[in-house]
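Survey of secondary and tertiary structure
Listed below, chain by chain, are the residues.
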Amino acid sequence: MKRLNNEFIRFVIVGGVNTVNYYLVYLLCYNIFNWHYLVSHIIGFMISLIISFFLNVYFTYKVKPTISKFLQFPLTQLVNMSVSSGFVYMFVDVLHWNGNVAPIAAVFLTVPITFLVTSKILKK
């Protein structure tokens, strides 16, 4: 149980770093390039996905990165991207939240799901 707690804490730390990476790219695309919020969301997500893989294999789970895991890792994030995109859409288009705030709120709702799916793939 202690190991799971340590992994989850490291996962949250990596998630925090990764969220900052994602959000900076999102804000750049959304506010500077004036791209649609969903396009900005997807671009930010893809860049942070690559960073997340390496942070998770080396720091969170302390496993060896392999091509197989790298290719499977986006599958773990497919759930995250789908759920977070749904939340971002709902927050902006349905609830009329500010497009700068919506992605951050979505992150908090997707962390536990992402942890479970990621640990299954990377710890195989």
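Residues numbered from 1 in each chain as written. Predicted model: local features only at pLDDT ≥ 70, side-chain atom pairs only at ≥ 80, totals over all residues. Heavy atoms only, no water.

Concerning the overall build of the protein chain
Across its full length, the protein chain carries four helices and zero strands. Written out in order from the N terminus, the α and β elements of the protein chain read α-α-α-α. Over its C-alpha atoms the protein chain spans a radius of gyration of 15 Å, differing by no more than 12% from the 14 Å that the globule rule assigns to 124 residues. Overall, the C-alpha framework of the protein chain stretches about 40 × 25 × 20 Å when taken along its three principal axes. Counting only residues that meet the buried cut, the protein chain has 37% of its 124 residues in that class. If you take every contact in the protein chain between residues at least 6 apart in sequence, the share linking residues at least 24 apart comes to 66%. (Helix = DSSP H or I, 4+ residues; strand = E, 2+ residues; numbered from the N terminus. Rg over C-alpha atoms; globule rule 2.2 N^0.38 Å. Buried < 20%, exposed > 50% of the residue type's maximum accessible area, 1.4 Å probe, protein only. Contact = heavy atoms within 4.5 Å.)

Description of the domain arrangement of the protein chain
Segmenting the protein chain into domains produces domain 1 (1-63) and domain 2 (66-123). The straight-line distance from the C-alpha centre of domain 1 to that of domain 2 is 9 Å. Each partner contributes residues to the interface: domain 1 has 24 residues there, and domain 2 has 27 residues. When domain 1 packs against domain 2, the two sides together hide about 2,300 Å² of surface, and 78% of this comes from carbon and sulfur. Linking domain 1 with domain 2 are one salt bridge, by the criterion used here. Taking the shortest distance from any N to any O, the salt bridge between lysine 123 and glutamate 7 comes out at 2.9 Å. For the pair domain 1 and domain 2, the number of links is seven residue pairs in polar contact (both at pLDDT 80 or more). Of all the elements in the fold, those that place two or more residues in the side of domain 1 that touches domain 2 are helix 1 (2-32) and helix 2 (37-60). For the side of domain 1 that touches domain 2, a count of residues per class yields 18 nonpolar, five polar and one charged. (Domains from an automatic or database assignment. Buried area = accessible area lost by both parts, 1.4 Å probe. Salt bridge = Lys/Arg side-chain N within 4 Å of Asp/Glu carboxyl O. Polar contact = N/O pair within 3.5 Å; in protein donor to acceptor, adjacent residues only side chain to side chain. Nonpolar A, V, L, I, M, F, W, Y, C, P; charged D, E, K, R; others polar.)

A few points about the UniProt feature "transmembrane region" (unreviewed entry) in the protein chain
Following the UniProt record, one finds the feature "transmembrane region" (unreviewed entry) at residues 12-33, 39-61, 73-92 and 104-122. Here residues 12-33 is 95% helix and 0% strand, with 30 Å between the C-alpha atoms at its ends. Secondary structure within residues 39-61 divides into 96% helix and 0% strand; the distance between the first and last C-alpha atoms comes to 31 Å. (UniProt positions renumbered as here; feature names shortened; annotations may be inferred.)

A look at helix 3 (residues 67-94)
Compared with an ideal rise of 1.5 Å per residue, which puts 28 residues at 40 Å, helix 3 spans 40 Å between its outermost C-alpha atoms and is within 8% of the ideal. The largest bend in helix 3 amounts to roughly 30° and is located at glutamine 77. Of the positions making up helix 3, those classed as buried are Lys69, Phe73, Thr76, Gln77, Asn80, Met81, Ser84, Ser85, Val88, Phe91 and Val92. Tucked into the core, helix 3 has its buried residues touching helix 2 and helix 4 (102-122). Where helix 3 terminates, the next one or two residues include histidine 96, which has phi positive at roughly 60°. (Expected span 1.5 Å × (residues − 1). Bend = angle between axes of the 7 residues up to and from the residue.)

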